[in-house]
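# Architecture and fold: a report
Here are the chains, one letter per residue:
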Amino acid sequence: MKFTKIGSFILKIFEVYIPVIAFAIMFMVFVVQIFFRYFLNQPITWSYELTTIGFVWTVFLGAAYARHKNDHVEFTVFYDLVGERTKTLFRIAGNLLIAVAFIISIYPIYDYIQFLGIKKTSVLQIPFNIVFFPFLIFIVTIVLHSIYDLVLDTKKLISKEEL
């Protein structure tokens, strides 16, 4: 039970707290950028980089949270026409496809993100592997959520629960 609580807390850090902090920083820097540019007539160069990095972190980690809560966009034209058993089979096929594709892509993504470490942003000199690291976290969390949903749907299909 402790492992579940620790895992849930770590997941919450990556899916909730870090994106909220990244968005807050992005928003505050954006306000500072507007103030300096339009009120002081002294544009600052670092603000654009920081807002862009905050946006990247917010989008990728926020998307992982949307997947966790199943609040992502769905096109359910055919899905809504079928029965519960077929819906479960569709979810199993979809989650399996996503999990396999993303598992295959983990190492190449990791390798490329590490390669990006040789380049740095032009103003703040932040290595690009730090800038794009949330994408790897996104991929891993999507895999974990897909496998979790796959297990739940498979158990439901086997036990014929609510079908």
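Residues numbered from 1 in each chain as written. Predicted model: local features only at pLDDT ≥ 70, side-chain atom pairs only at ≥ 80, totals over all residues. Heavy atoms only, no water.

### Some details on helix α3 (residues 84–115)
Here α3 is 32 residues long and its end C-alpha atoms lie 45 Å apart, about the 46 Å a rise of 1.5 Å per residue gives. In the structure, α3 departs most strongly from a straight axis at Ile 106, where the bend amounts to approximately 40 degrees and where the proline Pro 108 lies between one and four residues downstream. By the burial criterion, the buried members of α3 are Lys 87, Thr 88, Ile 92, Asn 95, Ala 99, Ser 105, Ile 109 and Ile 113. Structurally, α3 contributes buried residues whose contacts are with α2 (46–68), α4 (128–131) and α5 (133–159). (Helix = DSSP H or I, 4+ residues; strand = E, 2+ residues; numbered from the N terminus. Expected span 1.5 Å × (residues − 1). Bend = angle between axes of the 7 residues up to and from the residue. Buried < 20%, exposed > 50% of the residue type's maximum accessible area, 1.4 Å probe, protein only. Contact = heavy atoms within 4.5 Å.)

### A look at the packing of aromatic side chains
Under the criterion given, the structure shown has 10 aromatic pairs. Ring geometry for Tyr 107 against Tyr 110: centres 6.5 Å apart, planes inclined by 40 degrees, an arrangement best described as tilted. Placement of the pair is Tyr 107 and Tyr 110 together in helix α3, with a separation of three residues, close to one helical turn. For Tyr 107, a relative accessible area of 56% puts it in the exposed group. Look at Tyr 112 and Phe 115: their rings are 6.0 Å apart centre to centre, the planes differ by 35 degrees, and that puts the pair in the tilted class. Of this pair, Tyr 112 and Phe 115 both sit in helix α3, three residues apart, roughly one helical turn. The rings of Phe 60, Phe 102, Phe 135 and Phe 138 are connected pair by pair, giving a single aromatic cluster. (Phe/Tyr/Trp six-rings, centres within 6.5 Å; stacked < 30°, edge-to-face > 60°.)

### Quick look at the pattern of salt bridges
Following the criterion strictly, the structure yields three salt bridges and no others. A salt bridge links Arg 67 to Asp 149, with the nearest nitrogen and oxygen atoms 2.7 Å apart. Here Arg 67, found in helix α2, pairs with Asp 149, found in helix α5; they are 82 residues apart in sequence, far enough to count as distant. Each of the two residues, Arg 67 as well as Asp 149, counts as buried. Note that Asp 153 is salt-bridged to Arg 91, the shortest N-O span being 3.0 Å. Here Asp 153, found in helix α5, pairs with Arg 91, found in helix α3; they are 62 residues apart in sequence, far enough to count as distant. On the basis of relative accessibility, which here comes to 7%, the residue Asp 153 falls in the buried class. Overall, the relative accessible area of 24% leaves Arg 91 in the partly exposed class. (Salt bridge = Lys/Arg side-chain N within 4 Å of Asp/Glu carboxyl O.)

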